[in-house]
Amino acid sequence: MRITVTVNGQPYERDVEPRLLLTHFLRDELDLTGTHWGCDTSNCGVCTVQLDGVPVKSCTVLAVMADGHEVTTVEGLEKDGELDAVQKGFVECHGLQCGFCTPGMLLTARWLLDNKPDPDEGEIREAISGQLCRCTGYENIVRSIRWAAEAEAKS
Amino acid sequence: MQVPATFAYERAGSVPHALELLDRYGPDARVVAGGHSLIPMMKLRLAQPEALIDINGLSELAQLSVEDGELVIGSMVRHAELLAGAVATGPYPIFEDAERVIADPIVRNRGTVGGSLCQGDPSEDLAAVFAALRATAVIQGPAGVRKVPVREFHEGPYETAVGDGELLLALRVPILDGAGSAYEKVERRVGDWPVAAAGAVLQLDGGVIARAGIGLTAVGAEHFCAPEAEAHLIGKPPGAEVFAEAGRIAAEHCEPHSDQRGPADYKRHLAAELTRRALARAVERI
Ligand code: FES
Ligand code: FES
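Under an unreviewed UniProt entry, the name given to chain B is Xanthine dehydrogenase family protein subunit M, and the organism recorded is Nonomuraea ferruginea.

In the nomenclature of an unreviewed UniProt entry, chain A corresponds to (2Fe-2S)-binding protein from the organism Nonomuraea ferruginea.

Here it is as structure tokens:
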């Protein structure tokens, strides 16, 4: 089936099988390997991308369902060579160790701050509660997102 | 890597189109909305539909509104929308209580109310919520639209009143003036199914309980409700003792099974305790 998906602002047209999952479409068809893939059962959230601005677990979305829609992956966060505030927060506060969960965490963090620019710790923890950090670095992930909220409030 | 078996994929452009597609592909077609129950089952090959009818584009099924004194929740309303929608959580905070603990925020962005109900999992949260609220399911098929009380909607584990060729359109919930409602769930971790959960809806008249709804999930309560416990409440003034007794009666009529989430006697204990807590919180909110 022929689909057109806009990923990070750029439309991609591809012929895909209906059973192809969005994760594999991004990773294998478009070579956007920043989107990770872990449990494959919608539990861990490492595959999280934004679909029309809302984070979803891409291992549980068919690529054909994204036809005509917009997807943002971690590769799309940086703008004009400058990292997004949430990325800077993860750098500043050691928000990642192995980095496996990081792309998904960043996309959820971006969505959270877009909707709630000044989240408290509880709200941050709730927002990322569907995502597992195998390195268990939650404290610093929460701090990183807070850092980004504060940085954006200042700018 | 888990990959579903091959299937034909069709996108419905309207409700009549969806019904036409269901008719064309027959009983081996499945409707897909958020896909968060069906796609994992397809990956595990527990489900192998020959065709998927995608209803994500049917915005007419994604509305939350009030019509004729009833809350109308379209089957395509996503869990996150139900949680955020004051239309529903205003009259009935039970929706907010429940939606906060259904799956996780990312899954809630995609999963739908109708999808959860049609999956018919015996541990599903909204089944208990809608049972407590005495909602009505609106179903459309080739013969037209029919309404089924939610307390008759689940015909068994993973079996619902939605037949081949039919589509769940909406849930309608009567809005009771001055009712209080609440949902109490015990889960082992975020995103897990409940070990047990209970929902309660109460309406008072002249200081006594005039209407009571109790929904239970994951504890083998028939049709996700507790009619004997509800009957005990009617006509009595609300209070700790009467709620505890209702909890005890509700638990007595459950048939929980032991599994990896806990032994049956623990679940029965939870059925009583969570019913009691939900009733107490519901009455505080009146
Ligand atoms: S890989 Fe998608 S949730 Fe784990
Ligand atoms: S940094 Fe390793 S999984 Fe989170």
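Let us look at the overall build of chain B. When its secondary structure is counted, chain B shows eleven helices and 13 strands. The C-alpha atoms of chain B give 19 Å as radius of gyration, which agrees with the globular expectation for 286 residues (19 Å, within 12%). For chain B, the C-alpha atoms occupy an extent of roughly 55 × 45 × 30 Å along the three principal directions. For chain B, buried positions account for 56% of its 286 residues. In chain B, the share of contacts with a sequence separation of at least 24, taken over all contacts with a separation of at least 6, comes to 62%. About 11,400 Å² of surface is accessible on chain B, with carbon and sulfur atoms providing 50% of the total. Charged side chains in chain B number 27 positive and 39 negative. The centres of these two groups are separated by 5 Å.

Right, let's get into the domain arrangement of chain A. All names here are of chain A. For chain A, the assigned domains are domain 1 (2–76) and domain 2 (85–154). For domain 1 versus domain 2, the distance between C-alpha centres works out to 21 Å. Counting from both sides, the interface comprises 19 residues of domain 1 and, opposite them, 15 residues of domain 2. Taken over both partners, the interface formed by domain 1 and domain 2 buries close to 1,200 Å², and the fraction arising from carbon and sulfur atoms is 61%. Applying the counting criterion to the domain 1 and domain 2 interface returns zero salt bridges. At the boundary of domain 1 with domain 2, the tally comes to four residue pairs in polar contact (both at pLDDT 80 or more). For the side of domain 1 that touches domain 2, the secondary structure elements donating two or more residues are strand 3 (48–51) and strand 4 (54–57). When grouped by side-chain class, the residues that make up the side of domain 1 that touches domain 2 number eight nonpolar, ten polar and one charged.

Each value, and the rule that gives it
- Residues numbered from 1 in each chain as written.
- Chains lettered and ligands numbered in written order.
- Predicted model: local features only at pLDDT ≥ 70, side-chain atom pairs only at ≥ 80, totals over all residues.
- Heavy atoms only, no water.
- Helix = DSSP H or I, 4+ residues; strand = E, 2+ residues; numbered from the N terminus.
- Rg over C-alpha atoms; globule rule 2.2 N^0.38 Å.
- Buried < 20%, exposed > 50% of the residue type's maximum accessible area, 1.4 Å probe, protein only.
- Contact = heavy atoms within 4.5 Å.
- Areas by Shrake-Rupley, 256 points an atom, 1.4 Å probe, with all protein chains shown as cover.
- Lys, Arg positive; Asp, Glu negative; His and termini not counted.
- Charge placed at Lys NZ, Arg CZ, Asp CG, Glu CD.
- Domains from an automatic or database assignment.
- Buried area = accessible area lost by both parts, 1.4 Å probe.
- Salt bridge = Lys/Arg side-chain N within 4 Å of Asp/Glu carboxyl O.
- Polar contact = N/O pair within 3.5 Å; in protein donor to acceptor, adjacent residues only side chain to side chain.
- Nonpolar A, V, L, I, M, F, W, Y, C, P; charged D, E, K, R; others polar.

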